[in-house]
Amino acid sequence: MTALLETRELGRAFGALQAVTDVTLAVEPGELRAIIGPNGAGKTTLFHLISGLLPPSAGRVVFRGEDVTALGAPARCRRGLSRTFQITSIFPELSVLENVRIAVQLKAGGNFRLLGGRAQLDASERRARESLAFLGLEGRADELASTLPHGDQRLLEIAMAVAQEPELLLLDEPTQGLSPEDTTATVGVIRQIAKARHLTILLVEHDMDVVFDLADRITVLHFGRVIAEGAPSDIRANAEVQQAYLGTVA
Ligand SMILES: Nc1ncnc2c1ncn2[C@@H]1O[C@H](COP(=O)(O)OP(=O)(O)O)[C@@H](O)[C@H]1O
Ligand SMILES: [Mg+2]
């Protein structure tokens, strides 16, 4: 099978600090891949490199067979790559619906104003409402995003990414700061998205129960390098991983 996403010897330095080193990955279409590793392992930086938020200092990113290394985040988004952020990033002073509509329009990019008009506004609103319904947030469409409880704000972020109808969705710690109940709900949502939308998902997650529950394959980062990759059962059994990270799981 041809990989949907490949990284080839990807690296990123911040001054003297090598945050990501020599990361080579191949993610198959439809796969749910978890990226795990201790704090500071380089997971978020790797997501920035894949989504185009940061340029790499070494290596390539290939998406759907195309080398996208030189493209910025909007161009990668238009090609089918969407993401959420570790720190919730919504527009707090806008309504829930407006947040999602902006995400749709951001993907349309420069085309939006040119083609413009009522029809396009209606289409983006329809897509935004569809996505909100998918995440169970349709009843909150007209509320200010800032007034949502934290768990719903995180779901809103996922709704924004899903509304962009990506092929590859990057989720950076979607359950961070959530209650156990909200975590369970979010896991259900992620599973549902993966299935219903045939999405390929890259998930950074610190909760190992969530990771072992959801992932088809797991990649372990440690000091910016891949130290292991495999099925959840392989990763659970891997001594180096246990030492570096899991410790208590053994
Ligand atoms: N913009 C930045 N400037 C300098 N150092 C950074 C920057 N972003 C991340 N780092 C450093 O890179 C390393 C990896 O960080 P990060 O990718 O956020 O790790 P993780 O998401 O796995 O916790 C850390 O040592 C962090 O302090
Ligand atoms: Mg991080």
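Residues numbered from 1 in each chain as written. Chains lettered and ligands numbered in written order. Predicted model: local features only at pLDDT ≥ 70, side-chain atom pairs only at ≥ 80, totals over all residues. Heavy atoms only, no water.

Asks: Is there a simple way to think about the packing of helix H5 (residues 117-134) against helix H6 (residues 150-163) in this case?
Replies: What describes two packed helices is the angle between their axes and the distance between those same axes. Relative orientation of the contacting elements H5 and H6 amounts to 135°, with a least axis distance of 9 Å. Between H5 and H6, the crossing angle belongs to the class labelled oblique. In this structure, H5 meets H6 at a crossing whose hand is right-handed. Contact residues: Arg-127, Ser-131 and Leu-132 in H5; Leu-156, Ala-159, Val-162 and Ala-163 in H6. When grouped by side-chain class, the residues that make up the contact of H5 with H6 number five nonpolar, one polar and one charged. (Axes fitted to C-alpha atoms, helices over the stretch in contact; angles between N-to-C directions. Helix = DSSP H or I, 4+ residues; strand = E, 2+ residues; numbered from the N terminus. Parallel < 35°, antiparallel > 145°, perpendicular 65-115°, else oblique. Left-handed = near helix turned anticlockwise from the far one by under 90°. Contact = heavy atoms within 4.5 Å. Nonpolar A, V, L, I, M, F, W, Y, C, P; charged D, E, K, R; others polar.)

Asks: Any chance you could explain the side chain of Arg-33 here in plain terms?
Replies: Mapped onto the elements, Arg-33 comes out in strand S3 (residues 32-36). Assessed through its relative accessible area of 0%, Arg-33 is described here as buried. Within the local environment of Arg-33, its side chain forms a polar contact with the side chain of Glu-31, the two groups lying 2.6 Å apart. Sequence-distant contacts of Arg-33, that is, excluding residues within four places in its chain, are made with Leu-25, Ala-26, Val-27, Ile-201, Leu-202, Leu-203, Arg-217, Ile-218, Thr-219 and Glu-229. (Buried < 20%, exposed > 50% of the residue type's maximum accessible area, 1.4 Å probe, protein only. Polar contact = N/O pair within 3.5 Å; in protein donor to acceptor, adjacent residues only side chain to side chain.)

Asks: Explain the environment of Ala-103 here, please?
Replies: One can find Ala-103 in helix H3 (residues 96-108). Take Ala-103: its relative accessible area is 4%, and that puts it in the buried class. For the pair Ala-103 and Glu-157, spaced 54 residues apart in sequence, the C-alpha to C-alpha distance is 9.5 Å. Among all residues touching Ala-103, those that are not within four sequence positions of it are Met-160 and Gln-164.

Asks: Is there a simple way to think about H6 in this case?
Replies: An α-helix turns once per 3.6 residues; consequently, residues spaced three or four apart project the same way. With 14 residues, H6 should reach 20 Å at 1.5 Å per residue; the first-to-last C-alpha distance of 20 Å fits that figure. For H6, a buried count of 13 out of 14 residues is recorded, marking the element as mostly surrounded by other parts of the structure. Looking one or two residues past H6, Glu-165 carries a phi angle of roughly 50°, positive in sign. (Expected span 1.5 Å × (residues − 1).)

Asks: Explain the pairing of strand S1 (residues 5-14) here, please?
Replies: If a strand is regular, its side chains alternate between the two faces of the sheet. Pairing of S1 with strand S2 (residues 17-27), which is carried by seven bridges, proceeds in the antiparallel orientation. Within the sheet, the bridge partner assigned to Arg-12 lies in S2 and is Val-20. Taking the residues between adjacent antiparallel strands as the criterion, S1 and S2 are bridged by two residues, where Gly-15 takes a positive phi near 60°. Note that S1 and strand S4 (residues 58-63) share five bridges and pair antiparallel. Each bridged residue has a counterpart across the sheet, and for Gly-11 the counterpart in S4 is Ala-58. (Pairing = 2+ DSSP bridges.)

Asks: Mind showing me how you'd approach the sheet that holds S4 here?
Replies: Adjacent strands of a sheet pair through backbone hydrogen bonds, lying either parallel or antiparallel. One open sheet holds the four strands; their spatial order is S2-S1-S4-S5, and the pairing between them is antiparallel. Both edges of this open sheet fall to S2 and strand S5 (66-67), since each of them pairs with a single strand only. Sheet strands touched by helix H1 (residues 43-51): S1, S2 and S4. Its angle to S1, the strand with the most contacts, is close to 120°.

Asks: What am I meant to see in the sheet that holds strand S8 (residues 200-204) here?
Replies: Spatial strand order, S6-S7-S8-S3-S9-S10: six strands in an open sheet with mixed pairing. On the outer flanks of this sheet lie strand S6 (81-83) and strand S10 (225-230), each paired with one strand and no other. The mean inter-strand angle of the sheet, taken between neighbouring strand axes irrespective of direction, is 20°. Strand direction decides the pairing type here: S3 and S8, joined by four bridges, are parallel. Opposite Arg-33, over in S8, you have Leu-202 as the bridge partner. Against the sheet, H6 engages S6 and strand S7 (168-172), with an angle of about 160° to S7.

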